[in-house]
Amino acid sequence: MTFSLTALGQYLIHTVLATFFAVGYMFFFHRLHAQVVARGGFWLHLRINALTVGVGLGIHVIAGMLMLGQTSWFYHNVALFVLLTPFFFDGFSKLETVFQLVCVTIMWEMHHAGELATPLGLVAAALSLALLVGLRAYPKKMLANLGIGELVSLLLAGAFWLTIPTRSTMLTVMPEDRLWATVMYGLMAAVTLGSWAKVLQEDAEHAELDRIANYNGKLSSDVALHQQTQLADLFTQTQAQNGQLALASLDLDHFKQINARYGHLAGNAVLLAVSETIQAALQQTDTQALTFRTNGEELNIVFPGVDVHQATPVLRLVAQAVRTHEYVYAQRAMNVTMSVSVTALRPTDRTIDDVYRRADDAVYKSKRNGRDLITVDAEVITPVVDAPKDYSSFRYFAQGVYALAGDQARVLHELLLRRFDTGLGRYVLPDEFELPPVEIARLLRQAMGHTDFHRFNVNLTAAQFKDEEMAAALCDVASAPDGPVELNVEVTDVVSAPLMRHISALYRASGIKIYIDDVGSDNSYELVRTRLAYVDGVKFAMQNLRRNNDDGALRERISFWRQVAEDNHLQFILEGAETEADIAMAREFGVRFVQGYYFGKPEILSKSGERKA
């Protein structure tokens, strides 16, 4: 078996041309096939099958009639590729499959005339038939797996080309012709399937992004009406039969923080994945359950014929499944928990809304008592998971607050929680910020060991701020002989005025100052004005307002809150300074303290290379 340079050059040229044709034809066939799948109809099915027989057999017959020598292998391979392409796609009927097999058989018979009944011919035909049947049964798997698709393509090409007789369609077939035709088809298939695998992956990613992006926290009116009608009918039927019915309300904890830190797409992705986790957990039980999504992070589960004592173990299982699952979006790993409630139908209930109201009241009780809890009517039962949590991967990072006067010295460290993600190999924003008091105190002391500058602001949620155990833990740190020089707390969400008055007295007794964070954005003036008498300062975060406010509106808000602070004798910190223009604006408004990326991003505290005050 020998190849001349001229023949080898022709083979290579023909292979490149055949490959270009194959890729183009596959994409064209896909577009036509997508119309068939989406719209169906006799004429579209007729059109796609006519394309197969017209192009495939047409090229084959014309090439055979013209007797093009070496060029004929190019045309015959193209014809074979066209006839085999439909088997890589689903959506065809049995009748269409038979028609496509007949077309392949016609080409096979024209090339293998005289060798069909030989043992080798029969084995090759049987192998080809088995491969085509397998393709029709699992087309997506063949397209999605490049290795399997290429192997099947090579086997089909080998069975066809390596077994044709020496005289085929009035051409003399040399051994090198058989080999090169097989190699040509294999290369065509490899490039085409490789390109196609990438397209399928991109389509899958786009479909998933569309699914996430189009997820709407608010139900459409049609879906909401259907759910309301279904529940009302179930309520009426259960009451008429004096039966049992339990209704559970599930609400994701800290979902707004996920949206704020990772974006709405990440929030939608978590909601969808949590819903799937819940469904999977419910399928593991023998209890009948119907799920109804209300709005955003809220979900209801109805248990027909079940009381609260039977529903509670199921809800424990569901909450545990959600809690232990790691949700990943854009290479960010997130863990979430749920506040859960459950109540039962009562004889005094007039409508399903009466049951809903009790469930809503109970789920808020779970949240008020620390989240990740189940409340049965008015009774908060033990946490979903009794095992202690591991906070060893948490650490405080620091971002400085600087005085504009003089040499812009750092006056405070704002301590910001981070968690080490072993999968990513770096620190990331945690999914949970409400660490227990003992852990906050431990991390604070740990931070003190990594810096000689002991002036700190610690962020607390509303639930942490109103927790007297948290106040006691921080006061112990502040009052200790080796405690920080200055310790302040920043409240991200304000509590009621009476509670603010009570808790602030505990902090002030130990010299801890209180700041309200994110005024003007998350915390409006109407919300905080009655609490200003109990705090020492406010922080205005420009970064929260840049997207939806022009420069004029931003300046107006800064001026307003700067004046509010002055009128109430409060310290004012301008957060989100990123440019020289921001610093100039701060000086213009007489702002004394600023914070932001202009001075640096949050960083691990370290004595080495620390910027001294």
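See above for the structure.
Cut-offs applied
- Residues numbered from 1 in each chain as written.
- Predicted model: local features only at pLDDT ≥ 70, side-chain atom pairs only at ≥ 80, totals over all residues.
- Heavy atoms only, no water.
- Helix = DSSP H or I, 4+ residues; strand = E, 2+ residues; numbered from the N terminus.
- Contact = heavy atoms within 4.5 Å.
- Salt bridge = Lys/Arg side-chain N within 4 Å of Asp/Glu carboxyl O.
- Buried < 20%, exposed > 50% of the residue type's maximum accessible area, 1.4 Å probe, protein only.
- Phe/Tyr/Trp six-rings, centres within 6.5 Å; stacked < 30°, edge-to-face > 60°.
- Lys NZ or Arg CZ within 6 Å of the ring centre and 35° of its normal.
- Axes fitted to C-alpha atoms, helices over the stretch in contact; angles between N-to-C directions.
- Parallel < 35°, antiparallel > 145°, perpendicular 65-115°, else oblique.
- Left-handed = near helix turned anticlockwise from the far one by under 90°.
- Nonpolar A, V, L, I, M, F, W, Y, C, P; charged D, E, K, R; others polar.
- 1 Å grid on protein atoms, 1.4 Å probe; cavity = no way out; pocket = protein on both sides within 12 Å on 5 of 7 lines; lining within 4 Å.
- Points joined across faces, edges and corners; volume = space filled by probe spheres on them.
- Core = buried A, V, L, I, M, F, W, Y, C linked by side-chain atoms within 4.5 Å.
- Expected span 1.5 Å × (residues − 1).
- Arc of directions from axis to C-beta.

**Observations concerning the overall build of the protein**
Scanning the protein from terminus to terminus reveals 20 helices and 20 strands. Across the protein, every contact between residues at least 6 apart in sequence was considered, and the portion connecting residues at least 24 apart equals 70%.

**Digging into the pattern of salt bridges**
The tally for this structure, following the rule as stated, stands at 18 salt bridges. The salt bridge partner of Glu439 is Arg442, with a shortest N-O separation of 2.8 Å. One end of the pair is Glu439 and the other is Arg442, both in helix H14 (residues 437–448) and three residues apart, which spans about a single turn. Using a relative accessible area of 32% as the deciding quantity, one classes Arg442 as partly exposed. Residue Arg455 is joined to Glu486 by a salt bridge in which the shortest nitrogen-to-oxygen separation is 3.1 Å. Here Glu486 lies in strand S15 (residues 486–491) and Arg455 lies in strand S14 (residues 455–460), a separation of 31 residues in the sequence. Exposure remark for Arg455: the relative accessible area of 31% places this residue in the partly exposed category. Glu486 gets classed as buried once you look at its relative accessible area, which sits at 17%. Sharing partners across several salt bridges, the network here consists of Glu414, Glu490, Lys539 and Glu575.

**Quick word on the packing of aromatic side chains**
Overall, the coordinates contain 16 aromatic pairs when judged by the stated rule. Taking the centre distance of 5.1 Å and the plane angle of 75° together, the rings of Phe42 and Trp43 count as edge-to-face. Summarising the burial analysis for this pair, Phe42 and Trp43 share the class exposed. Judged by centre distance (4.3 Å) and plane angle (15°), the rings of Tyr402 and Phe599 are stacked. Taken as a pair, Tyr402 in strand S11 (residues 394–403) and Phe599 in the loop between strand S19 (593–595) and strand S20 (603–604) lie far apart in primary sequence, 197 residues in all. For the pair Tyr402 and Phe599, a shared accessibility class is recorded, and that class is buried. The structure contains a cluster of three or more aromatic residues connected by ring pairs, namely Phe21, Tyr25, Phe29 and Phe89. It is Arg418 that lies over the ring of Phe397; its NZ or CZ is 5.8 Å from the centre. Here Lys601 stacks its cationic end above the ring of Tyr597, 5.4 Å away from the centre of that ring.

**Some thoughts on the environment of Leu83**
Summarising the element assignment, Leu83 is placed in helix H3 (residues 71–84). Residue Leu83 is classed as buried on the basis of its relative accessible area of 1%. Taking C-alpha positions, Leu83 is 7.3 Å from Gln100, a pair spaced 17 residues apart along the chain. Other than its neighbours up to four places away in sequence, Leu83 contacts Thr52, Gly56, Leu57, Cys103, Val104 and Met107.

**What to know about the packing of helix H11 (residues 264–283) against helix H12 (residues 308–324)**
As a packed pair, H11 and H12 sit with axes 9 Å apart at the nearest point and diverge in direction by 140°. What the angle tells us is that H11 and H12 run oblique. When the axes of H11 and H12 are compared, the crossing they make is right-handed. In this structure, H11 contributes Val274, Thr277, Ile278, Ala281 and Leu282 to the contact, and H12 contributes Val314, Leu317, Val318, Ala321 and Val322. Residues that form the contact of H11 with H12 fall into these classes: nine nonpolar, one polar and no charged.

**Quick notes on empty space enclosed by the protein**
For the coordinates displayed, the defined rule picks out two cavities of 30 Å³ or more. Along its surface, the largest cavity is lined by Met26, Phe81, Phe88, Ser153, Tyr185, Ala189, Thr192 and Leu193. No other element matches the four residues that helix H8 (residues 175–213) contributes to the lining of the largest cavity. Per-class residue counts for the lining of the largest cavity are six nonpolar, two polar and no charged. The space that makes up the second largest cavity amounts to roughly 40 Å³. Taken together, Arg395, Tyr396, Leu443, Gln446, Ala447, His450 and Leu605 form the lining of the second largest cavity.

**Looking at the nonpolar core**
In this structure, Leu415, Phe465, Leu474, Tyr507, Phe540 and Leu574 are the most contacted members of the largest nonpolar core, which totals 64 residues. In terms of residues, this core owes the most to one element, helix H16 (residues 468–479), which gives seven residues. With near-sequence residues (within four places) excluded, Tyr507 lies in contact with Leu460, Gln464, Phe465, Met470, Ala471, Leu474, Cys475, Val489, Ile512 and Ile514. Of all hydrophobic cores here, the second largest spans 49 residues; its members include Val82, Phe92, Ala181 and Met188.

**A few points about helix H5 (residues 119–137)**
Given a rise of 1.5 Å per residue, 19 residues ought to cover 27 Å, and the 27 Å separating the end C-alpha atoms of H5 matches this to within 8%. The complete set of buried residues in H5 reads Gly121, Ala124, Ser128, Leu131, Leu132, Leu135 and Arg136. Projected down its long axis, H5 carries its buried residues within an arc of 135°, all on one side. When the buried face of H5 is taken as reference, the exposed residues oriented beyond 90 degrees from it are Pro119 and Val123.

**Regarding the packing of helix H4 (residues 94–112) against helix H7 (residues 146–161)**
Helices that pack against each other are described as a pair by the angle of their axes relative to one another and the distance between those axes. Here H4 crosses H7 at 40°, and the two axes come no closer than 10 Å. Taken together, the axis directions place H4 and H7 in an arrangement best described as oblique. From H4, Met107, Trp108, His111 and His112 reach across to H7, where they touch Ala159, Phe160 and Trp161. When the residues that make up the contact of H4 with H7 are grouped by side-chain class, the tally is five nonpolar, two polar and no charged.

**Considering unusual backbone geometry**
Unlike most non-glycine residues, Asn242 shows phi in positive territory, near 55°. Locating Asn242 in the fold gives a position in the loop between helix H9 (221–240) and strand S3 (245–252). Since its relative accessible area comes to 71%, Asn242 is described here as exposed. Here the phi dihedral of Asp518 falls at roughly 55°; this positive angle occurs in a residue that is not glycine. Within the secondary structure, Asp518 is located in strand S16 (residues 513–519).

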